[in-house]
Amino acid sequence: MRVHLTATTKMWLLTSLAFFYVIIQYHVSNTWPLPTTGNDLQESEMDTQRRIWLKRIVGDSKLAEEIQNMIGEKVTQDLAYRINRQLLSHSCIFHENESLFNLPVIYIVTPTYRRPEQLAELTRMSQTLMHVQNIYWLLIEDAKEKSQMISNFLNRTGIRFIHLHSDSTQGKYKGAKPRGVGSRNKGLKWIRENANDGVLYFADDDNTYDLQLFKEMRYTKKVSMWPVGLVTQTGVSSPIVKNGKFVGFYDGWIGGRKFPVDMAGFAINIKFLKTRPNAAMAYKLGYEEDSFLKSLAPFEPQNIELKADNCTKILVWHTQTKKNPSSLPLDKKKYADTNLIELKQYVV
Ligand code: UDP
Ligand code: MN
């Protein structure tokens, strides 16, 4: 049978072949194909960039060199996965024409707790964060101790993370329990002790984040804000903007708050945060955001930096997952020596 290929099909075939050649080269060889013309000793641009990326990924030149020598031999699957991920995300930086070295770090503080939905939420969130450049993910478990399962999970993501815990049963609250406050304060403490600049963002594990949001917040000078979708019956919580200027807040529940905003609706510059050594979140349900923003005083609502095109775009949603009941116990006798024993570890 004869197959007739059009010029376009041929071109596509050639392009696909070239693409696969590049992928295979990356996995099997210890250097990218160097340019055949000119000085053979000269590194290709890609090779130089790869070296820079690798140094950044491992944060240590000597280790980077050792790994560099290993690539092409036998790299562990996990390491290859991480490097691939980082290469992918860093390549976006060059797309955006932003300098790899000048990009401020975003410290993402996420409280989390064990429940049937936890791994599903964290999977969704982590796979968003995998696309964001230069972040530190502070994942803080509401638990007496850190769990091996979450530790394994974090390692698989390839994201730069800090794994902490904070036990809310030892909480300092009266009445209804505020959710995630101890963990957020723990994250704040870590940042005060370990970070000098960059941006802090409180990102709950169950919200939905548009990648553009992180670009908006990255250059926050003091405190930036933007709309959050799916908050109360008003459907959105946002600063109100008139003629390009902040004139008030729109939120379904004002409750006497000076800053009636959602946790997902603001970010803080870390240098600025450090000029406010007592800034912290109060253990008071409904007043978490307000108490924190008020503790940044002197700081007034008029000083906020408006993002998301003067607050005309929704780039984050306060989504809430349906609560699932705990699963039924597994009959360990009946299913002994089967996959279900291992599987059940992940099921709450
Ligand atoms: N959270 C926590 N411990 C709890 C309840 C909640 O650490 O006992 C975390 C949760 O994982 C989320 C944040 O605190 O990241 C806010 O909780 P939730 O989403 O339940 O609050 P809502 O969005 O419904 O106000
Ligand atoms: Mn939530």
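Heads up: the structure comes first, above all this text.
Note that the structure is a prediction, hence the values are computed from the model and not measured. Sequence positions are assigned chain by chain, starting from 1 and proceeding in written order. Throughout, the order in which chains and ligands are written sets their labels, letters from A for the former and numbers from 1 for the latter. Per-residue local features of the predicted model are confined to residues with pLDDT of at least 70, and side-chain atom pairs are confined, for both listing and counting, to 80 or more; whole-chain, interface and lining totals are unaffected and use all residues. Neither water nor hydrogens contribute to the side-chain values; these are computed over all heavy atoms in the structure.

Trainee: I would appreciate a short explanation of the coordination of the manganese ion (ligand 2) in the present structure.
Mentor: Expected angles at a metal are 109.5 degrees for tetrahedral coordination by four donors and either 90 or 180 degrees for octahedral coordination by six donors. Water is absent from the atoms considered, so a metal site may look incomplete; donors are defined as N, O and S atoms within 2.8 Å of the metal, or 3.2 Å for Na, K and Ca. Taken together, the protein ligands of the manganese ion (ligand 2) are Asp206 (OD) and Asp206 (OD), with distances of 2.1 to 2.6 Å. Strands here mean DSSP runs of E at least two residues long; helices mean DSSP runs of H or I at least four residues long; both are numbered from the N terminus. Inspection of the secondary structure assignment puts aspartate 206 in the loop between strand S4 (199-202) and strand S5 (208-209).

Trainee: Explain the environment of valine 247 to me, please; I cannot follow it from the model alone.
Mentor: Examined against the element boundaries, valine 247 turns out to sit in strand S9 (residues 245-250). Along the sequence, valine 247 and glutamine 302 sit 55 residues apart, while their C-alpha atoms lie 7.8 Å from each other.

Trainee: Whenever I open this one, the side chain of serine 183 confuses me. Can you help?
Mentor: Locating serine 183 in the fold gives a position in helix H7 (residues 181-194). Exposed residues in this analysis have more than 50% of their type's maximum accessible area, buried residues have under 20%, and partly exposed residues fall in between, with area computed by a 1.4 Å probe over protein chains only. Note on serine 183: relative accessible area 3%, which makes it buried. Contacts: residue pairs with any heavy atoms within 4.5 Å of one another. With near-sequence residues (within four places) excluded, serine 183 lies in contact with Val109, Pro111, Ile140, Glu141, Asp142 and Ser166.

Trainee: It is not clear to me how the sheet that holds S4 should be interpreted in this structure. Could you clarify?
Mentor: Where strands meet in a sheet, backbone hydrogen bonds hold them as pairs that are either parallel or antiparallel. The strand order across the open sheet built from seven strands is S3-S2-S1-S4-S10-S6-S11, with neighbouring strands paired in mixed fashion. The open sheet has two edge strands with one neighbour each: strand S3 (161-165) and strand S11 (305-306). Any two strands are treated as partners once DSSP identifies two or more bridges connecting them. Where strand S1 (residues 106-112) and strand S2 (residues 135-141) come together, seven bridges link them in parallel fashion. Along S2, the bridge assignment pairs threonine 112 with glutamate 141.

Trainee: Any chance you could explain unusual backbone geometry here in plain terms?
Mentor: Negative phi is the rule for most residues except glycine; trans is the rule for most peptide bonds. Each neighbour pair has its own omega, and for alanine 297 with proline 298 the value is 0°, a cis peptide bond. You can see proline 298 is positioned in the loop between helix H10 (288-294) and S11. Here the phi dihedral of alanine 308 falls at roughly 55°; this positive angle occurs in a residue that is not glycine. Tracing the chain through its elements places alanine 308 in helix H11 (residues 308-311). Residue alanine 308 is classed as buried on the basis of its relative accessible area, which comes to 1%. The phi torsion at aspartate 309 lies on the positive side, around 50°, for a residue other than glycine. Looking at the secondary structure, you find aspartate 309 in helix H11. For aspartate 309, a relative accessible area of 49% puts it in the partly exposed group.

Any functional reading would require information that these geometric values do not contain.
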